[in-house]
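# Architecture at a glance
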Amino acid sequence: MNDRTQTHATFVLEREYPVPLERVWAAFADPEIKRKWFGSDDFVYVERSDEFRIGGVAIDDGRLGEDGPLSQFHATYTDISPNERIVYTYDMWLDGVHASTSISTIVFEPTDDGAGPGTRLTFTEQGVHLDGVHGPGPDAAAGRESGTAGLLDAIGKLLANGG
């Protein structure tokens, strides 16, 4: 009997940021700015790097708290069109067990609502969640969408505070 499971999920999140596109782009392209919003204050990093270029790798490995499970995020940038689009693939593991593989596409569009320049960001993720590592497959997929929404909200807070 095969006890392996996989759940495929796609989600799309949109955000409007009331700042120029170049500032929103920098929140992804500049590793120092990205470190201010990607992750959480409770996350204890084991390894962290970000090579923002086509073929470059981003790694965010660590634990939630000192004794939490080891979470590993390894991404490869596959397409970067400055101030327009970022595409990357990534894998996640939890305590050495492969949890998911995803492809993410982030599209940046300038806006102007009359109050000044702004940015519309569209984040699309297509993924496969494996073997219920983070709970049953559909729950893991919903959790990933919720977590990503939280990261996009953190970008908004950072930008609103001048970051």
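See the structure above.
This write-up is about the structure you can find in this document. Small disclaimer: the values here were computed from a predicted structure and weren't measured.

### Considering the overall build of the protein chain
On a plain count of helices and strands, the protein chain comes out with three helices and seven strands. Shown N-terminal to C-terminal, the secondary structure of the protein chain runs as helices and strands in the order β-α-α-β-β-β-β-β-β-α. Relative to its length of 163 residues, the protein chain is compact, with a C-alpha radius of gyration of 16 Å against a globular reference of 15 Å. Projected onto its principal axes, the C-alpha positions of the protein chain cover 60 × 30 × 25 Å. For the protein chain, the residues scored as buried account for 40% of the 163 residues in total. Contacts in the protein chain between residues at least 24 apart in sequence constitute 49% of all its contacts with a sequence separation of at least 6. Of the roughly 8,800 Å² of accessible surface on the protein chain, 52% is carried by carbon and sulfur atoms. Between the centroid of the 13 positive side chains of the protein chain and the centroid of its 27 negative side chains there is a distance of 2 Å.

### A few points about the sheet that holds strand β1 (residues 6–17)
Judged by pairing direction, the sheet is antiparallel, and its seven strands sit side by side in the order β1-β7-β6-β5-β4-β3-β2 without closing on themselves. Edge strands, defined here as strands with exactly one partner in the open sheet, are β1 and β2 (43–50). Taken pair by pair, the neighbouring strands of this sheet meet at an average axis angle of 15 degrees, ignoring direction. Note that strand β5 (residues 85–94) and strand β6 (residues 97–112) share ten bridges and pair antiparallel.

### Considerations on the packing of aromatic side chains
This structure, assessed with the given rule, holds twelve aromatic pairs. Between Phe28 and Phe108, the aromatic rings sit 5.5 Å apart at their centres with planes inclined by 80 degrees, giving edge-to-face as the arrangement. Highlighted residues: Phe28 in helix α1 (residues 21–29) and Phe108 in strand β6, separated in sequence by 80 residues. In this pair, the class of Phe28 matches that of Phe108, namely buried. Between the aromatic rings of Trp37 and Phe38, the centroid separation amounts to 5.6 Å while the plane-to-plane angle is 80 degrees, which identifies the pairing as edge-to-face. The exposure class assigned to Phe38 is buried, which follows from its relative accessible area of 16%. In this structure, Arg48 is placed above the aromatic ring of Tyr45, and the distance from its NZ or CZ to the ring centre is 3.9 Å.

### Quick notes on the pairing of β2
Where β2 lies against strand β3 (residues 57–64), seven bridges are found, and the strand directions are antiparallel. What sits directly across from Ser49, in β3, is Ile59. What sits between β2 and β3 in their antiparallel hairpin is a turn of six residues, with Gly55 showing a positive phi close to 90 degrees.

### Some details on the pattern of salt bridges
Applying the stated criterion to the full structure yields eight salt bridges. For the salt bridge of Glu51 with Arg53, the shortest nitrogen-to-oxygen distance reads 2.9 Å. Assessed through its relative accessible area of 37%, Glu51 is described here as partly exposed. Between Glu125 and Arg144 there is a salt bridge, and its shortest N-O distance comes to 3.5 Å. Here the residue Glu125 occupies a position in strand β7 (residues 117–130), and Arg144 occupies one in helix α3 (residues 137–160), the gap between them amounting to 19 residues. Comparing Glu125 with Arg144 shows no difference in burial state: the two are buried. The structure contains a network of salt bridges with shared partners spanning Glu16, Glu109 and Arg120.

Rules of the game
- Residues numbered from 1 in each chain as written.
- Predicted model: local features only at pLDDT ≥ 70, side-chain atom pairs only at ≥ 80, totals over all residues.
- Heavy atoms only, no water.
- Helix = DSSP H or I, 4+ residues; strand = E, 2+ residues; numbered from the N terminus.
- Rg over C-alpha atoms; globule rule 2.2 N^0.38 Å.
- Buried < 20%, exposed > 50% of the residue type's maximum accessible area, 1.4 Å probe, protein only.
- Contact = heavy atoms within 4.5 Å.
- Areas by Shrake-Rupley, 256 points an atom, 1.4 Å probe, with all protein chains shown as cover.
- Lys, Arg positive; Asp, Glu negative; His and termini not counted.
- Charge placed at Lys NZ, Arg CZ, Asp CG, Glu CD.
- Pairing = 2+ DSSP bridges.
- Axes fitted to C-alpha atoms, helices over the stretch in contact; angles between N-to-C directions.
- Phe/Tyr/Trp six-rings, centres within 6.5 Å; stacked < 30°, edge-to-face > 60°.
- Lys NZ or Arg CZ within 6 Å of the ring centre and 35° of its normal.
- Salt bridge = Lys/Arg side-chain N within 4 Å of Asp/Glu carboxyl O.

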